[in-house]
Amino acid sequence: MVTLQFFTMRARYLPFLALFVLSVPLPGQGLQVLSVFPRNQEIQAAPTTPIVVEFDAAVDPASVQGFAVKVFGRWSGPMPGELKLSAGNTRLEFTPDEPFFAGEWVSVTLSKAVKSSAGQALEKGYFWNFWIATQPGTLNQSFKEEIPLRQAGEGLLQTYGAYAGDLNDDGYSDLTVVNETADDLRILLNDGQGNYPTMTVLPMGGNGTPSPNEGADFNNDGAIDLAVTTAWNDEVRILFGDGNGSFSDPLVLETQNGVRGIVVADFNLDGWDDFFTTNRLSGNMTIFLNDGSGGFTQTLYNTAALGETACALTDANNDGIADIFVGAFESREILLLLGDGNANFTLSTSVDVAGQPWMLATGDLNGDGNADVVSANSSGDVTSVLLGTGTGGMTLWSQLQFDDATFPLAIDLGDLDGDGDLDMVTSNYSSKNYSVLENDGQGNFSLAVLLQTPFLGPDNLASCAILHDRNNDGDLDISLTDEGEDLLILFTNGDDTVSTSSQTLPGGTLTLSPNPSSHPTAIRFSLPLALPAGLRILDLQGREIFALPARPYSPGWHSLTWNGRTQTGTPTPPGVYWVLIETPKGVLRGKLVLP
């Protein structure tokens, strides 16, 4: 047995997965992969799972050192571990040094440097993905808190998207949010308990309108780097991480216009992370190949589609090579581009969808071991589900549309309830809410709940949704962004909650007077029927300031008075507070200003 200590890196995008028996060696071919574990598209791999590759011939131990083998978790980042060769060097096993994060996808890449003891190369490398299992949980999650992202004196930031990678390598999921109008990133480090008490602002330069941001390890140093696109501009910014939560000044790459979608992988299998972008305003796509010395060369790619906007990465035809789903905004279609292992792509098929694709996510939705794709279709008020054939084809399975869920913008997949299939969350920009959709295991989705901040106001705009385990309890939590109010909105899977249901009480009314108020505040509320009701006053982080227990009320108007003091009797500091009247049928809420 040969044992090697090694450090790997990761490649990232939405839902990825893992592969099983694939290759049948033919005479004259190079080294071949016979099978892998966990399999491609596996959804329930253990957090400490070994990763195993079986070859058709003995492998040269020297060829799997360095970055010839890379393992990357979507949120946990580049994974260090131990490599062992056994069974006459035909079996390669990677044991991670640390557990993967619950519910994340993991990608594994073998570069072309891997070769047999006879010198036969793994001619096209090998790539596959799988998911880490989650504990049983719920889709109807509890509101935890709102985190305001604006600092004192700031106006609109336009908080668009978030990335939940572990930036400081402490084993917890941090949050990086992009702000289009402010042209910056804001880094919020996890305190180890699922909270984000501090924020660091990273200016990006001016008017670049940063949009999606994705994690990678472009310089193979074992720390998460970030690639940031510019939705209304012609730049991609690369920020190199130091593994402690800090980043270099951006490396600015000028490219095509309207760079919206981005996926990261080693497309030419040379051991260095590359990336691929969709450029809506230019109506094309760009492949950026990493030269290994801090530079990238660009190649344009075009199809007959119009307004290429979104992309998602996986192995769609089970050949061990990265492929890309693309959403075309103007021509309203989903494309499948098949890779060849040499950074070339061929259009395999395209399918028309209702509405304009804004964002994609991919994973095995019906348990057949093949990659499928979902698309949030913005103006059509529709989310499309397309099932893959596993051979480079796909068919439109369903078009999902729900009342009170309009302009679906962002989309993510994950096993929220721990039942072994991938559920879905979309952000609904115009209706100011977020759809949580339950998968029946066959790729059929039903609306489980519409989530909404309890503190909804006229300026809220739902912009992004991601799924990650914030508090390391083994289930997936839901983190949301709002670009109208510039907020992070956190919902928790389980009992880690400081607030209440997000359901508004139908037919109820709440008034606060005076407002702003430096005197006792009259809290008047009307109930549509006889209900028990309680009062809670929260700050903008969801912390309870004052409360009165629930008691029975008759239908109609009622009055309470708050003297502006906390539960312990101390004066409440100036600021903005939420007043909640809570009932079993829903909540009435209002915003109160204390000058």
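Model, not experiment: these values are computed from the prediction. (Residues numbered from 1 in each chain as written. Predicted model: local features only at pLDDT ≥ 70, side-chain atom pairs only at ≥ 80, totals over all residues. Heavy atoms only, no water.)

Caption draft 1: Representation of the overall build of the chain in the model. Looking only at helices and strands, the chain features 0 helices and 44 strands. Taking 2.2 N^0.38 as the reference for a compact globule, 595 residues should give roughly 25 Å; the C-alpha atoms of the chain span a radius of gyration of 25 Å, in line with that estimate. Dimensions of the chain, computed from C-alpha atoms along their principal axes, come out at roughly 85 × 50 × 45 Å. Expressed as a percentage of the 595 residues in the chain, the buried residues total 62%. Restricting the contact set of the chain to residue pairs at least 6 apart, pairs at least 24 apart contribute 57%. For the chain, the exposed area adds up to about 20,000 Å²; of that, 50% sits on carbon and sulfur atoms. Across the chain, the centroid of the 27 positively charged side chains sits 8 Å from that of the 71 negatively charged ones. (Helix = DSSP H or I, 4+ residues; strand = E, 2+ residues; numbered from the N terminus. Rg over C-alpha atoms; globule rule 2.2 N^0.38 Å. Buried < 20%, exposed > 50% of the residue type's maximum accessible area, 1.4 Å probe, protein only. Contact = heavy atoms within 4.5 Å. Areas by Shrake-Rupley, 256 points an atom, 1.4 Å probe, with all protein chains shown as cover. Lys, Arg positive; Asp, Glu negative; His and termini not counted. Charge placed at Lys NZ, Arg CZ, Asp CG, Glu CD.)

Caption draft 2: Molecular detail of the sheet that holds strand β29 (residues 383–388). Pairing is antiparallel in the open sheet, where 4 strands are placed in the order β27-β28-β29-β30. Edge positions in the sheet fall to β27 (359–363) and β30 (394–400), since each of these pairs with one other strand and no more. If you compare each strand with its neighbour and ignore which way they point, the axes differ by 20° on average. Of the strand pairs in this sheet, β27 and strand β28 (residues 372–376) are connected by 5 bridges, and their pairing is antiparallel. Within β28, the residue paired with alanine 361 across the bridge is valine 374. (Pairing = 2+ DSSP bridges. Axes fitted to C-alpha atoms, helices over the stretch in contact; angles between N-to-C directions.)

Caption draft 3: Main features of the domain arrangement of the chain. Split into domains, the chain comes out as domain 1 (33–132), domain 2 (142–492) and domain 3 (509–594). Just the C-alpha atoms count here: the centres of domain 1 and domain 3 sit 56 Å apart. (Domains from an automatic or database assignment.)

Caption draft 4: Just empty space enclosed by the protein, in detail. By the definition in use, this model includes 5 cavities of 30 Å³ or more. Counted as a void, the second largest cavity has a volume near 80 Å³. Every residue lining the second largest cavity is counted, 15 residues in all, and those nearest its centre are Asp266, Phe267, Leu269, Ile321 and Ala322. Considering only residue class, the lining of the second largest cavity consists of 8 nonpolar, 5 polar and 2 charged. (1 Å grid on protein atoms, 1.4 Å probe; cavity = no way out; pocket = protein on both sides within 12 Å on 5 of 7 lines; lining within 4 Å. Points joined across faces, edges and corners; volume = space filled by probe spheres on them. Nonpolar A, V, L, I, M, F, W, Y, C, P; charged D, E, K, R; others polar.)

Caption draft 5: View of the sheet that holds strand β13 (residues 184–188). Strand order in the open sheet formed by 4 strands is β11-β12-β13-β14, and the pairing between neighbours is antiparallel. One side of each edge strand has no neighbouring strand; the edge strands of this open sheet are β11 (159–163) and β14 (200–203). Strand-to-strand twist in this sheet, taken as the mean axis angle between neighbours without regard to direction, amounts to 25°. Bridging between β13 and β14 involves 4 bridges; their strand directions are antiparallel. The residue bridging aspartate 184 from the neighbouring strand is proline 203, located in β14.

Caption draft 6: Inspection of the confidence of the model for the chain at higher detail. Averaged over every residue, the pLDDT of the chain is 91; residues scoring 70 or more account for 94%. Taken together, the stretch residues 1–27 has pLDDT below 50 and engages in 161 contacts with residues farther than four places along the chain or on a different chain. For the stretch residues 496–502, pLDDT sits under 50, and the model shows 27 contacts to residues farther than four places along the chain or on other chains. (pLDDT = per-residue confidence, 0-100.)

Caption draft 7: Region of the structure containing the pattern of salt bridges. Applying the stated criterion across every chain, the model contains 15 salt bridges. A salt bridge links glutamate 42 to arginine 39, with the nearest nitrogen and oxygen atoms 3.4 Å apart. Taking relative accessible area as the criterion, arginine 39 reaches 23% and is therefore assigned partly exposed. Between glutamate 54 and arginine 91 there is a salt bridge; the shortest N-O distance is 2.9 Å. Of this pair, glutamate 54 sits in strand β3 (residues 51–55) while arginine 91 sits in strand β7 (residues 91–96), and the two are 37 residues apart along the sequence. By relative accessible area, which is 26% here, arginine 91 ends up partly exposed. (Salt bridge = Lys/Arg side-chain N within 4 Å of Asp/Glu carboxyl O.)

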